[in-house]
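Below, each chain spelled out in residue letters.
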Amino acid sequence: MSAPPSGNCLRASPSAARPDEKQKQSEERDMDSRDGALELLGMLVYVGAWLCGLATTLLPQWLTMSTSLLPVESYGLGLWETCVVQDVGATECRAYDSLLGLAGYLKLARILMCASLAVGLLGMLAAVAGLHLVKGCGGSGAKRTLTLTGGALGVASGVLCLIPVSYVGHVAVAHFFDDKVPDMVPRWEFGEALFLGWAGGVLLVGAGLLLVSSRWRPQVEPQPGTQRRYQVMSTDVSFRKQPEYV
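Draft legend 1. Broad picture of the pairing of strand E3 (residues 73-77). Two elements, strand E2 (residues 63-66) and E3, share 4 bridges in a ladder whose sense is antiparallel. When the bridges of E3 are listed, threonine 64 appears paired with glycine 76. Pairing geometry for E3 and strand E4 (residues 81-86), over 5 bridges, is antiparallel. Bridge pairing in E4 places serine 74 opposite valine 85. Between the antiparallel neighbours E3 and E4 lie 3 residues.

Shown next as structure tokens:
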């Protein structure tokens, strides 16, 4: 007579995986909310920094100069024009007559500032299309690519803005401390546009890094969707051998 099998019985408990799945979903929601806040903050800083770069390009106060001979007047040097400002509030500006007659640092500043504005505008358009709040711009993968592209262009725009501003400041410092120039000759000093350009460049870099960090996640190997834990239940089965009579 055959004996009934004894040993261990394996029983699946799919409900054991539910707490892990809920915790994972909660963590994903928290990460999405954090990423959305970083995106919005990055876009606000991006727009403000780009406007600072635009104002820097247009303002005629890259360098300023005032003389003791004419204390009622001060002069401003910009990328596109020079201005004379009087104490009474009157301002008279005159555009440059010739592009070829400009100093080399002004030509370089013009080119790089225009390139910074163009790159920054493209980065803003790409970043806006990749926002979580904007619908109809592809799936999550496409939005992630757009946001990363916008952030990288923002960093590039900030660097392009900082180069000409810093170079013009370096030229002003070199001329100011030049021993060959007599002390009685007036010298150019930093204007408001330079400080605005430095602030705009730093903010553009910061905005780009915020956008990149909002979408930058370490690659994790995919795990199976459903994991089951098996509980081993031991069952003791006792039986008696019955003698067989022939």
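Draft legend 2. Summary view of empty space enclosed by the protein. Per the stated rule, a full pass over the model turns up 1 cavity of 30 Å³ or more. Reported here for the largest cavity is a volume of approximately 30 Å³. Around the largest cavity, the lining residues are Ala49, Trp50, Gly53, Met113, Ser116, Leu117, Ser157, Cys161 and Leu204. Elements supplying a minimum of two residues to the lining of the largest cavity: helix H1 (18-58), helix H2 (104-129) and helix H3 (140-176).

Draft legend 3. Representation of helix H4 (residues 192-215) in the model. The end-to-end C-alpha separation of H4 is 35 Å, in line with the 34 Å expected for 24 residues at 1.5 Å each. Within the sequence span of H4, burial applies to Ala193, Leu194, Gly197, Gly200, Gly201, Leu204, Ala207, Gly208, Leu211, Ser214 and Arg215.

Draft legend 4. Quick peek at the pattern of salt bridges. One pass over the full model with this rule turns up 2 salt bridges. Between aspartate 97 and arginine 94 there is a salt bridge, and its shortest N-O distance comes to 3.4 Å.

Draft legend 5. Here's a closer look at the packing of aromatic side chains. Enumeration over the complete set of coordinates arrives at 4 aromatic pairs. Consider the rings of phenylalanine 190 and tryptophan 198, whose centres lie 5.7 Å apart with planes at 75°: the pair is edge-to-face. Its relative accessible area of 24% is what places tryptophan 198 among the partly exposed residues. Judged by centre distance (5.8 Å) and plane angle (70°), the rings of phenylalanine 195 and tryptophan 198 are edge-to-face. One end of the pair, phenylalanine 195, and the other, tryptophan 198, are both in helix H4, 3 residues apart, so they sit about a helical turn from each other. Owing to a relative accessible area of 49%, phenylalanine 195 belongs among the partly exposed residues under this scheme.

Draft legend 6. Broad picture of the nonpolar core. Formed by 16 residues in total, the largest nonpolar core has its most connected members in Trp62, Leu63, Tyr105 and Val168. Elements that contribute at least two residues to this core include exactly H2, H3 and H4. Looking at this core, the element that brings in the most residues is H3, giving 5 residues. If you look at the next biggest cluster of nonpolar residues, it comprises 11 residues, including Tyr46, Trp50, Leu117 and Ala127.

Rules used in this analysis
Residues numbered from 1 in each chain as written. Predicted model: local features only at pLDDT ≥ 70, side-chain atom pairs only at ≥ 80, totals over all residues. Heavy atoms only, no water. Pairing = 2+ DSSP bridges. Helix = DSSP H or I, 4+ residues; strand = E, 2+ residues; numbered from the N terminus. 1 Å grid on protein atoms, 1.4 Å probe; cavity = no way out; pocket = protein on both sides within 12 Å on 5 of 7 lines; lining within 4 Å. Points joined across faces, edges and corners; volume = space filled by probe spheres on them. Expected span 1.5 Å × (residues − 1). Buried < 20%, exposed > 50% of the residue type's maximum accessible area, 1.4 Å probe, protein only. Salt bridge = Lys/Arg side-chain N within 4 Å of Asp/Glu carboxyl O. Phe/Tyr/Trp six-rings, centres within 6.5 Å; stacked < 30°, edge-to-face > 60°. Core = buried A, V, L, I, M, F, W, Y, C linked by side-chain atoms within 4.5 Å.

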